[in-house]
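Listed below are the residues making up each chain.
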Amino acid sequence: MRIDLHTHSRASDGTQTPAELVTAARAAGLDVVALTDHDTTAGWDEAANAAREVGTALVRGTEVSARAGGVSVHLLSYLQDPEHPALADELARARESRVHRARRIVERLARDVPITWQDVLDQARDAVVVGRPHIADALVARGVVPDRDAAFAHLLASDGPYHVDHYAPEAPVAVAAIRASGGVPVFAHPAADARGRIVPDRVFDELAEAGLAGLEVHHRDHSPAQRERLLEIADRLDLLVTGSSDYHGAGKVNLLGENLTAPDVLDEIVRQGTTEVVTA
Ligand code: AMP
Ligand code: FE
Ligand code: FE
Ligand code: ZN
């Protein structure tokens, strides 16, 4: 069984439509794929229809933006009730804040490089969540940088001069909202230190207390030493261990299925979740 529990579509900052993503998952030989766009469930229906057609099982989820002591963190929510207001209201608030924040980043950038808000809208197209990757695409289209990676290296860096944060709930609040909505919360790439600050260990204890179900240990942004460390933490706190690609289509080098989750871990996620897995 090849199970990949973390991917993005054009509903957020991936480069493929939800249907294209599911088709690509099938072509990559995955038995199960999770669609986990940032702060939205907008891609769920299209992905579900495609999953029924191509015969790849689909886990519907969301990658929820959150903060822990000033550090930006991501929490994967699996199989929640998308209508339940506990999580849906937090996601709506984050999406709204993301638009204002993206406009402010563009205003700051525009002092030094050629870019307009319309450029970003042209790139985001049907995305319901605006993110820095869309600003990166606008910079690429203008010839300012060669690719998304280069845009993030300086102009869009979290610790750079143009950066602006958006609203996101505190991580224990987000974990509780995911659980209240019938979802299963897994801490995404919790030790990805190349991308910015990571949380101190006590946050794992706090989130486990708040209802966290698992840690995404196997992710390309984790070194072997970080994976060892996270496995020990998961063992100590009795948390599930997942592995995933964090695929963004052509927007990142990550390949579907490059990290996988064990079938018994998926079984436990399904047992704890509310929304069913889509199968052919
Ligand atoms: P935002 O959610 O708007 O703060 O933007 C962060 C998102 O940008 C992350 O979820 C990643 O998907 C993406 N990202 C971060 N670093 C890079 C990079 N070096 N190249 C491409 N995408 C990146
Ligand atoms: Fe992303
Ligand atoms: Fe993430
Ligand atoms: Zn992701």
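Residues numbered from 1 in each chain as written. Chains lettered and ligands numbered in written order. Predicted model: local features only at pLDDT ≥ 70, side-chain atom pairs only at ≥ 80, totals over all residues. Heavy atoms only, no water.

This part covers the site of ligand 1. Ligand 1 sits among 15 residues. The nearest are Arg98, Arg101, Arg132, Asp149 and His248. The separation between an oxygen atom of ligand 1 and a polar side-chain atom of Arg98 is 2.9 Å. Arg132 places a polar main-chain atom, nitrogen or oxygen, 2.7 Å from an oxygen atom of ligand 1. Considering ligand 1 on its own, with 500 Å² of exposed area, one finds that the protein chains cover 89% of that surface. Secondary-structure elements contributing two or more residues to the shell around ligand 1 are helix H3 (85-110), helix H5 (132-141) and helix H6 (148-153). A total of 3 residues in the shell around ligand 1 trace back to one element, the largest contributor, which is H6. Of the residues contributing to the shell around ligand 1, the split by class is 2 nonpolar, 5 polar and 8 charged. Two domains each donate at least three residues to the shell around ligand 1, and these are domain 1 (3-92 + 170-272) and domain 2 (96-153). (Near = heavy atom within 4 Å. Polar contact = N/O pair within 3.5 Å; in protein donor to acceptor, adjacent residues only side chain to side chain. Areas by Shrake-Rupley, 256 points an atom, 1.4 Å probe, with all protein chains shown as cover. Helix = DSSP H or I, 4+ residues; strand = E, 2+ residues; numbered from the N terminus. Nonpolar A, V, L, I, M, F, W, Y, C, P; charged D, E, K, R; others polar. Domains from an automatic or database assignment.)

Moving on: the sheet that holds strand E6 (residues 214-218). The strands that make up a sheet pair up through hydrogen bonds in the backbone, lying either parallel or antiparallel. With respect to topology, 7 strands assemble into an open sheet ordered E1-E2-E3-E4-E5-E6-E7, the strand pairing being mixed. In the strand order of this sheet, the two ends are held by strand E1 (3-4) and strand E7 (240-243), each with one partner. Relative to strand E4 (residues 71-78), strand E3 (residues 57-68) is paired through 8 bridges, and the arrangement is antiparallel. Across the sheet, the residue bridging to Val64 is Leu75, located in E4. The sheet contacts of H3 involve strand E2 (32-38), E3 and E4, and relative to E3 the element is tilted by about 65°. (Pairing = 2+ DSSP bridges. Contact = heavy atoms within 4.5 Å. Axes fitted to C-alpha atoms, helices over the stretch in contact; angles between N-to-C directions.)

In this fold, Thr279 is placed in the segment after helix H10 (263-272). Placed 248 residues apart in sequence, Thr279 and Asp31 show a C-alpha to C-alpha distance of 10.0 Å. In this structure Thr279 touches Arg52 and Ala57, once residues within four positions along its chain are discounted.

Let's shift gears to the nonpolar core. Residues Leu75, Phe187 and Leu215 are the most contacted members of the largest nonpolar core, which totals 27 residues. Of all elements in the fold, only E3, E4, H3, helix H7 (171-180), helix H8 (202-210), E6 and helix H9 (224-237) reach the threshold of two or more residues within this core. Tallying contributions element by element places H7 first for this core, with 5 residues. The contacts of Phe187, once residues within four sequence positions are left out, are Val73, His74, Leu75, Val199, Phe204, Leu207, Leu212, Gly214, Leu215 and Glu216. One finds Leu109, Ile135, Ala136 and Leu156 within the second-largest nonpolar core, a separate group that totals 19 residues. (Core = buried A, V, L, I, M, F, W, Y, C linked by side-chain atoms within 4.5 Å. Buried < 20%, exposed > 50% of the residue type's maximum accessible area, 1.4 Å probe, protein only.)

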